[in-house]
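Spelled out, the chains give:
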Amino acid sequence: GMQSHLQALLSLYKLFYPEQVAITLPGKMKTFFKNPEGPWKAAITAVRQRNQGGSPLSHAVFLGTSQPQSRKRKWNAQLVIPASSRNTSNLEEDRQKNHVYLYSTNKSFPVEQLQTFPQLLQNIHRLEFPSQMGSVLTNPLLLHYMNCVKDESIYLRLYYWMGQMLQEECTWCMVDNPREEEFKSFLETIYESECFLQEGFPACEEFLYKTLPLWDGFCCRSQVLRLVSWIPLSSSSDIKSYLYDPLAQLFFTSSIYFKCSVLESLKELLQNWLNCNVIQVDSELSS
């Protein structure tokens with residue numbers, strides 16, 4: 001039978017190689033593997049703050065923790081993709097070689113050197129995706145790559161990473177979680193990425209369906225209702241039970257402002273459904 005330490009090991013494999021683990025694992029389990037990158041990220045944060053004159057970091061995306069002894073993750077203001085998609089020595093060798101060399105070989109192109117859209121076009125078939133999936137959400141070039149190259153493993157990795165972050169950091173599902181502003185920023189980042197891709201994330205959809213019945217209608221209201229507008233079209237029974245019923249309970253007991261906000265979100269949801277349906281019909285006609 002399944003044992004807790006084996007489940008933890010499989011969940012770690014599923015996070016990095018989801019296509020290799022087909023079984024369903026429990027959402028909550030005891031932590032067996034501590035984050036080994038805590039001291040490294042703390043050093044990176046210290047260098048960045050020193051270079052910025054000690055200015056506070058603005059919002060972005062969860063990429064790790066600055067305290068090695070804590071499981072709580074911190075936010076990184078700027079997209080800093082760690083040199084983890086390739087061996088460090090290989091990266092140093094590439095920097096010492098001619099720039100043209102990067103475009104003339106069949107070796108993978110590290111995302112650390114991806115700076116411009118022409119670079120993306122010239123290396124799109126040999127781009128090596130970062131090990132830190134959180135960096136994808138704040139990098140328009142990598143979002144373009146996701147749109148052009150339909151690699152299922154990328155979406156699976158993002159799905160498991162985002163699902164874990166949303167579950168662990170949900171403000172209204174935790175008894176002691178004072179970092180509401182950070183969680184708001186994370187939800188805003190997800191929403192902006194969905195607008196860029198013109199589609200919702202499955203992990204975000206599952207998160208909303210699970211947590212809307214527990215939502216008070218006040219915490220992160222604007223961000224939650226924005227994410228609702230990108231829920232993909234599904235059966236009417238699912239939409240009613242998972243979306244309409246939880247919102248209806250809040251709708252009839254809340255203020256006029258909340259009622260208008262819900263109606264605005266549902267209007268945008270309908271517009272997104274219509275736009276996606278038009279695109280799908282056009283693609284079928286063209287094929």
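Residues numbered from 1 in each chain as written. Predicted model: local features only at pLDDT ≥ 70, side-chain atom pairs only at ≥ 80, totals over all residues. Heavy atoms only, no water.

Going by an unreviewed UniProt entry, the protein carries the name CENPI protein and comes from Toxostoma redivivum. Comment text from UniProt for the protein, heading Sequence similarities (unreviewed entry), reads "Belongs to the CENP-I/CTF3 family." (UniProt positions renumbered as here; feature names shortened; annotations may be inferred.)

A.B. asks: Quick question: what am I supposed to make of the overall build of the protein here?
C.D. replies: Looking only at helices and strands, the protein has eleven helices and four strands in total. Pairs at least 24 residues apart make up 58% of the contacts formed inside the protein by residues separated by at least 6 positions. (Helix = DSSP H or I, 4+ residues; strand = E, 2+ residues; numbered from the N terminus. Contact = heavy atoms within 4.5 Å.)

A.B. asks: What's the story with a nonpolar patch on the surface in this structure? I'm lost.
C.D. replies: Taken together, the side chains of Leu9, Leu12, Tyr13, Phe16 and Tyr17 make up a nonpolar region of the molecular surface, amounting to roughly 490 Å² of accessible area. Inspection of the secondary structure assignment puts tyrosine 17 in the loop between α1 (4-16) and α2 (38-51). (Patch = residues over 30% accessible without salt bridge, like charges linked within 9 Å, V, L, I, M, F, W, Y side chains within 5 Å. Areas by Shrake-Rupley, 256 points an atom, 1.4 Å probe, with all protein chains shown as cover. Salt bridge = Lys/Arg side-chain N within 4 Å of Asp/Glu carboxyl O.)

A.B. asks: How should I be thinking about the side chain of threonine 189 in this particular structure?
C.D. replies: When you line up the elements, threonine 189 lands in helix α7 (residues 180-197). The exposure class of threonine 189 is buried, given its relative accessible area of 5%. (Buried < 20%, exposed > 50% of the residue type's maximum accessible area, 1.4 Å probe, protein only.)

A.B. asks: Help me understand the side chain of serine 261, please; the structure alone is not making it clear to me.
C.D. replies: Position of serine 261 among the secondary structure elements: in helix α11 (residues 256-286). Polar contacts involving the side chain of serine 261 include one to the main-chain carbonyl oxygen of tyrosine 257, which spans 2.9 Å. (Polar contact = N/O pair within 3.5 Å; in protein donor to acceptor, adjacent residues only side chain to side chain.)

A.B. asks: Would you mind showing me how to read the nonpolar core here?
C.D. replies: Side chains of a nonpolar character, in soluble globular proteins, are inclined to be buried together. Met162 and Trp215 are the most contacted members of the largest nonpolar core, which has 54 residues in total. Elements that contribute at least two residues to this core include exactly α5 (140-148), α6 (152-169), α7, α8 (202-211), α9 (221-228), α10 (236-251) and α11. For methionine 162, the contacting residues outside a window of four places in its chain are Leu137, Ile190, Phe201, Ala203 and Cys204. (Core = buried A, V, L, I, M, F, W, Y, C linked by side-chain atoms within 4.5 Å.)

A.B. asks: Help me out: how do you make sense of the packing of α1 against α6 in this one?
C.D. replies: Between two packed helices, what matters for the description is the angle formed by their axes and the separation of those axes. Remark: α1 packs on α6, axes separated minimally by 7 Å, with the N-to-C direction vectors making an angle of 125°. As summarised for this structure, α1 and α6 are arranged oblique, according to the angle between their axes. Residues Lys14, Leu15 and Phe16 of α1 form the contact with α6, whose participating residues are Arg157, Tyr160, Trp161 and Gln164. Of the residues contributing to the contact of α1 with α6, the split by class is four nonpolar, one polar and two charged. (Axes fitted to C-alpha atoms, helices over the stretch in contact; angles between N-to-C directions. Parallel < 35°, antiparallel > 145°, perpendicular 65-115°, else oblique. Nonpolar A, V, L, I, M, F, W, Y, C, P; charged D, E, K, R; others polar.)

A.B. asks: Quick question: what am I supposed to make of the packing of α6 against α7 here?
C.D. replies: Between α6 and α7, the least distance of the axes is 11 Å, while the angle of their chain directions is 150°. The angle between the axes of α6 and α7 places the two elements in the roughly antiparallel class. Between α6 and α7 lies a crossing of left-handed hand. In contact with Trp161, Met162, Met165, Leu166 and Glu169 of α6, α7 contributes Phe183, Phe186, Leu187 and Ile190. (Left-handed = near helix turned anticlockwise from the far one by under 90°.)

A.B. asks: What should I look at first to understand α10 in this one?
C.D. replies: An α-helix turns once every 3.6 residues. As a result, residues three or four positions apart point the same way. In this model α10 runs just 19 Å from its N-terminal to its C-terminal C-alpha over 16 residues, more than 12% under the 22 Å that 1.5 Å per residue would give. Maximal helix bending in α10 amounts to about 40°, located at tyrosine 244; proline proline 246 follows within four positions. (Expected span 1.5 Å × (residues − 1). Bend = angle between axes of the 7 residues up to and from the residue.)

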